[in-house]
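Residue-level structural notes
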Amino acid sequence: MQGPRIPFPLPKAFLDFLALNGLSPSIYDEIDNLPRYIRLKPGSETLLADVEAELGCKLENINWLPGFFAIASQIQIARSKVYCEGKIYGIDAASGAAVTALNVLPGDHILDLCAAPGAKLCMLAELLGSSGLLTGVDIAKSRLAACWTMLQKYALGGRCRLFVADGTTFSFLSLGTCTENQPVMEWSSRVPWSERRKSKDTNRIQLNVTSKANTCGLIFYGKHSGVIGLRKEQLFQTGKEEANDGGYDKVLVDAECTHDGSVKQILKFEDWGWDTLQRRLLDSERIGSLTQLQLQLLTNGFRLLKVGGSLVYSTCMLTVAQNEDVVEQFLSNNPSAELQDTRAAEGWPCRSRRIPRTIRFDTCTSRTSGLFIAKIVKLF
């Protein structure tokens, strides 16, 4: 058995950081012994033996999370045939739990407000299947393009649309899906949007639209995405009042964070240097601006949620400032928001800490990367 790869002792500033958040340095001890996780695309269950033969290892079924399997951390999947053919993809079990917590139902309209790099987006699309609608948003065009590539690879893009936009101001509502007999590009000939570049794939388009509320680009939509036939003013709505008349059934806000719960991320500081950790992870000014961003993302995601709908806020953080503190501040500002139990979590290897009904995964308890989950319902 290999020992931990992170050099000890850890820097005092980082140890103080862990102590402040009630965390033991031992959570990083088993980095090399943690498994990596893969998800088998639904419909590929009969190929399990082929997947094992291709990867050269036995897949360990994760009985608390359907469709997930653990393999040794050193197993590489990127060049395998089953990966290249879209039968499996890598996603940490804790991340899969965040998606599962949403309790996706047939016909749901779902918003993934921080969609890149795309594994959670793909899982959401899988769970929706042949009904409902999925909207993915990310502020970085290159990262969202990676989401589009994944959707195409796994043949999951028919009911998706992807927007390059700032998640704190994004305001495109869920306007319903189109019917089967509508031609895919009907709207484009009737609405001559500027800066539009049509690709060879008739379900994909790139454009930039500026409105008073936000600037965003639509880089992909599927043929059942609800975009077809819409006029420009219908697609990009402005103002704060539009969310009162509709909204998404489910919203996932997997917010940008400093990734101290990601063991792979911490491991990189071996090469980057511990002074880099001080700058990226412990700088109070940076943490302050980041928690403000997280609160804004959570607030806007909740604004776009319909009454009775559910939102999952998650980060791959173990710290209080970017988890409990953000959630408590949000709840104090939003009387219509209430924390909700995650029913699926009854059998999960996770724990709760300062706020009841919130969930934490970590390397010791869960044998996953660290992840915080809070599920929130909109009462009125």
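What counts and what doesn't
Residues numbered from 1 in each chain as written. Predicted model: local features only at pLDDT ≥ 70, side-chain atom pairs only at ≥ 80, totals over all residues. Heavy atoms only, no water. Helix = DSSP H or I, 4+ residues; strand = E, 2+ residues; numbered from the N terminus. Buried < 20%, exposed > 50% of the residue type's maximum accessible area, 1.4 Å probe, protein only. Contact = heavy atoms within 4.5 Å. Areas by Shrake-Rupley, 256 points an atom, 1.4 Å probe, with all protein chains shown as cover. Arc of directions from axis to C-beta. Phe/Tyr/Trp six-rings, centres within 6.5 Å; stacked < 30°, edge-to-face > 60°. Lys NZ or Arg CZ within 6 Å of the ring centre and 35° of its normal. Pairing = 2+ DSSP bridges. Axes fitted to C-alpha atoms, helices over the stretch in contact; angles between N-to-C directions. Parallel < 35°, antiparallel > 145°, perpendicular 65-115°, else oblique. Left-handed = near helix turned anticlockwise from the far one by under 90°. Nonpolar A, V, L, I, M, F, W, Y, C, P; charged D, E, K, R; others polar. Core = buried A, V, L, I, M, F, W, Y, C linked by side-chain atoms within 4.5 Å. Right-handed = clockwise from strand over helix to strand, strands pointing away. Polar contact = N/O pair within 3.5 Å; in protein donor to acceptor, adjacent residues only side chain to side chain.

On to the overall build of the chain. Looking only at helices and strands, the chain has 14 helices and 16 strands in total. When each of the 380 residues of the chain is scored for burial, the buried share is 55%. Residue pairs in contact within the chain that sit at least 24 positions apart in sequence constitute 73% of those at least 6 positions apart. Of the roughly 16,900 Å² of accessible surface on the chain, a fraction of 50% belongs to carbon and sulfur atoms.

Here helix α2 (residues 48-55) has its buried residues at V51, E52 and L55. When α2 is viewed along its axis, its buried side chains cluster within an angular range of 100° and face the same direction. Counted as exposed and oriented over 90 degrees from the buried face of α2: A49 and A53. Buried residues along α2 sit in contact with β1 (36-40), β3 (68-71), α3 (81-84) and β4 (88-90). With its phi angle positive at about 70°, G56 sits one or two positions after the end of α2.

For the rest of this paragraph, the subject is the packing of aromatic side chains. In this structure the tally under the stated criterion is nine aromatic pairs. With a centroid separation of 6.4 Å and an interplanar angle of 90°, the aromatic rings of F170 and F172 are classed as edge-to-face. Assigned by exposure class, F170 and F172 land together as buried. One aromatic cluster is present, formed by W64, W348 and F361 through successive ring pairs. Above the face of the Y83 ring, K153 is positioned so that its terminal group lies 3.2 Å from the ring centre. Between the NZ or CZ atom of K378 and the centre of the ring of F302, over which it lies, the distance is 5.1 Å.

Moving on to the sheet that holds strand β2 (residues 60-61). One open sheet accounts for four strands, arranged β2-β3-β1-β4; its pairing is antiparallel. Unpaired on one side and paired on the other, β2 and β4 mark the two borders of the sheet. Two strands pair when backbone bridges link them, and β1 and β3 are joined in this way by four bridges, in the antiparallel orientation. Across the sheet, R36 pairs through a bridge with I71, a residue of β3.

Before going further, it helps to examine the packing of helix α5 (residues 119-128) against helix α6 (residues 141-153). Between α5 and α6, the shortest axis-to-axis distance is 9 Å and the interhelical angle comes to 40°. When the axis of α5 is compared with that of α6, the two are oblique. Once α5 is placed against α6, the crossing between them reads as right-handed. Residue-level inspection shows A119, L121, C122 and A125 of α5 in contact with α6, the latter providing C147, M150 and L151. For the contact of α5 with α6, the per-class residue count stands at seven nonpolar, no polar and no charged.

What follows concerns the nonpolar core. Counting residues in hydrophobic clusters, the biggest one holds 48 residues, and the most contacted among them are L151, L162, F361 and I373. Counting residues per element, the ones that place at least two in this core are β3, α4 (93-100), α5, α6, β7 (160-164), β11 (215-221), β15 (359-361) and β16 (371-378). The contacts of L151, once residues within four sequence positions are left out, are L121, C122, A125, L156, G157, C160, L162 and F220. Core analysis: the next-biggest nonpolar cluster, separate from the first, contains 35 residues, F163, F172, L297 and Y313 among them.

What follows covers the pairing of strand β6 (residues 133-138). For β6, a buried count of six out of six residues is recorded, marking the element as mostly surrounded by other parts of the structure. Burial along β6 is two-sided: the face carrying L133, T135 and V137 and the face carrying L134, G136 and D138 are both buried. Viewed along the sheet, the connection from strand β5 (residues 109-112) through α5 into β6 turns out right-handed. Alignment of β6 against β7, held across five bridges, turns out to be parallel. Each residue of the ladder has a partner; that of D138, found in β7, is V164.

For the rest of this paragraph, the subject is α4. The buried fraction of α4 is high, at seven of eight residues. The backbone nitrogen of A94 has a side-chain oxygen 3.0 Å away, supplied by the residue at the start of α4, namely D92.

Attention now goes to the pairing of strand β13 (residues 305-315). Where burial is concerned, most of β13 is hidden: eight out of the 11 residues are buried. Sheet analysis places strand β12 (residues 248-254) next to β13, joined by six bridges and oriented parallel. Each residue of the ladder has a partner; that of K250, found in β13, is S310.

Let us now look at the environment of A145. Its location among the elements puts A145 in helix α6. For A145, a relative accessible area of 25% puts it in the partly exposed group. Separated by 17 residues in the primary sequence, A145 and L162 place their C-alpha atoms 8.8 Å from one another.

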